[in-house]
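Chains, contacts and geometry: an overview
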Amino acid sequence: MRYTAGMDPAFWRSRWQAGQIGFHEGRPNHLLERYLDRLPPGGRVLVPLCGKTEDLAFLAARGHDVVGVELVEDAVAAFFHEHGATPIRTLVDDLTCYQHRAITIFAGDVFAVTAAVLGAVDAIYDRAALIALPPPDRARYVAHVRTLAPRAPTLLVTLEYPQAAMPGPPFAVPEDEVRALFADAAIEPLADEPLVQPRLAAAGATGRQRCFWIARP
């Protein structure tokens, strides 16, 4: 398979190996905490391109079954190690499945995940997937995730800033692009706040962090 820069496994593995993971917040995302009640109580939540985010543990601790997908297997192993958990590890098609209690993470290309492998999904939480992808990959990603969970609502976090001021990833995804990507869905803006990003500040630019609730018809 030929990858764009946004989905190149070598690129992301090198970022993890070099510790260049500024996207890893190290604590649950504050917008997820604020809007947690939007997610179906006790539902199964898909977290694409999850890395080793603390959002997984946060969701599980609040009664959700959580299923993540992460390209870099070292990140998946690190998540369970840092939480003192010994997951069951199995091979499923081209993916490696790690499972411990309420948390399942598939290590591999998100585009290799199928609905049959993934199982039922009640909601999607996307903080670091859409903004990790350059423009050529975004429509394909949104369409693919829809095949995994056709009617699941999405809690989406995006960034908006002058793209020329800071190369991605993460990339700027403005609201008009969100509305184009999810043209057949009802989109409710939930939050719009200043983006705290040292690289952006160093370039003399400012940005916004946005959060949307996207409901499928």
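Residues numbered from 1 in each chain as written. Predicted model: local features only at pLDDT ≥ 70, side-chain atom pairs only at ≥ 80, totals over all residues. Heavy atoms only, no water.

Regarding empty space enclosed by the protein
Inclusion rule: Using only the protein atoms, space was sampled on a 1 Å grid; points where a 1.4 Å probe fits but cannot get out form cavities, open sets with protein on both sides within 12 Å along at least five of seven lines form pockets, and lining residues are those with an atom within 4 Å of a point. Grid points are joined across faces, edges and corners, and a volume is the space filled by probe spheres set on the points. Secondary structure follows DSSP: runs of H or I at least 4 residues long count as helices, runs of E at least 2 residues long count as strands, and numbering of each begins at the N terminus. Nonpolar residues are Ala, Val, Leu, Ile, Met, Phe, Trp, Tyr, Cys and Pro. Charged residues are Asp, Glu, Lys and Arg, and all others, Gly as well, are polar.
One pass over the structure, following the stated rule, counts one cavity of 30 Å³ or more. Roughly 130 Å³ of internal volume is contained in the largest cavity. Taken together, 14 residues form the lining of the largest cavity, with Ile-124, Val-145, Thr-154, Phe-182 and Arg-216 sitting closest to its centre. Elements that contribute at least two residues to the lining of the largest cavity include exactly β6 (123-126), α6 (135-148) and β7 (154-160). By residue class, the composition of the lining of the largest cavity is 10 nonpolar, one polar and three charged.

Structural notes on the state of the cysteines
Let me state the cut-off plainly: We call a pair of cysteine sulfur atoms a disulfide when they lie within 2.5 Å. The classification of residues rests on relative accessible area computed with a 1.4 Å probe and restricted to protein chains. Under 20% of the type maximum is buried, over 50% is exposed, and intermediate values are partly exposed.
Taken as a whole, this structure holds zero disulfides when the rule is applied. Free cysteine Cys-50: the closest other cysteine sulfur is in Cys-97, separated by 12 Å. By relative accessible area, which is 6% here, Cys-50 ends up buried. Cysteine Cys-211 remains unbridged, with the sulfur of Cys-50 as its closest cysteine sulfur at 18 Å. Classification of Cys-211 by relative accessible area gives buried; the value is 1%.

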